[in-house]
Amino acid sequence: MDTRIAPCPNCGSENLYRSKLVSAGGGHAPNYLPGLGGFLTSARFRIVVCKGCGLTRFFASAQAMEKVSEAKQWERATVSR
Ligand SMILES: [Zn+2]
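Remember, it's a predicted structure, so these values are computed and weren't measured experimentally.

(A) The arrangement of the nonpolar core in detail. By size, the foremost hydrophobic cluster in this structure holds seven residues: Ala-24, Leu-33, Leu-36, Ala-43, Phe-45, Ala-64 and Ala-71. Leave out the neighbours within four places in its chain, and Ala-24 touches Pro-30, Asn-31, Tyr-32, Leu-33, Ser-42, Ala-43, Arg-44 and Phe-45.

(B) Expanded view of the environment of Gln-73. By the secondary structure assignment, Gln-73 is in the segment after α1 (62-67). C-alpha of Gln-73 to C-alpha of Val-22: the two residues are 51 residues apart in sequence and 20 Å apart in space. When near neighbours in sequence (up to four residues on either side) are disregarded, Gln-73 contacts Pro-34 and Gly-35.

(C) Looking closely at the environment of Pro-9. Within the secondary structure, Pro-9 sits in the segment before β1 (16-23). Note: C-alpha distance between Pro-9 and Leu-55 (46 residues apart in sequence) is 8.7 Å. Contacts of Pro-9, omitting those with residues within four sequence positions, involve Leu-55 and Arg-57.

(D) Examining the coordination of the zinc ion more closely. Coordination of the zinc ion by the protein comes from Cys-8 (SG), Cys-11 (SG), Cys-50 (SG) and Cys-53 (SG), over a distance range of 2.3 to 2.4 Å. Of note, the zinc ion draws all its donor residues from one chain, in the sequence arrangement C-x2-C-x38-C-x2-C.

(E) Quick peek at unusual backbone geometry. Pro-7 follows Ala-6 through a cis peptide bond whose omega is 0°. Examined against the element boundaries, Pro-7 turns out to sit in the segment before β1.

Scoring rules and cut-offs
Numbering of residues begins from 1 in every chain and follows the order in which that chain's sequence is written. Local features in this predicted model are restricted to residues of pLDDT 70 or higher, and side-chain atom pairs are both shown and tallied only at a pLDDT of 80 or more, whereas totals for entire chains, interfaces and linings draw on every residue. To get the side-chain values, all heavy atoms of the structure are used, and hydrogens and water are removed first. Take the buried residues of types Ala, Val, Leu, Ile, Met, Phe, Trp, Tyr and Cys, join any two whose side-chain atoms come within 4.5 Å, and each joined set is a nonpolar core. Relative accessibility decides the category of a residue: with a 1.4 Å probe and only protein chains considered, values under 20% of the type maximum give buried, values over 50% give exposed, and everything between is partly exposed. Contacts were defined at the residue level, with two residues in contact if any of their heavy atoms lie within 4.5 Å. To qualify as a helix, a DSSP run of H or I must reach at least 4 residues; to qualify as a strand, a run of E must reach at least 2; elements of each kind are numbered from the N terminus. Note that water is not among the atoms used; donors are N, O and S atoms within 2.8 Å of the metal (3.2 Å for Na, K and Ca), so sites may look incomplete.

Below, the structure written as structure tokens:
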């Protein structure tokens, strides 16, 4: 994973732990990345947790990110500056 995950945006800690890619749900569970998986498979994300404060973040897989612009379940957020 080349995404920069440290430091923790909440407490500044560099003591972070990350999971393997895991299913983002679907089936009987909520689907946190709808429309970004394969035909019969859920999209996946990696979970990063901060040992300092417990903040938990989800990073969608590169495969899921390839689909997000075209997926009808997602719209680009407007950013106010
Ligand atoms: Zn933290």
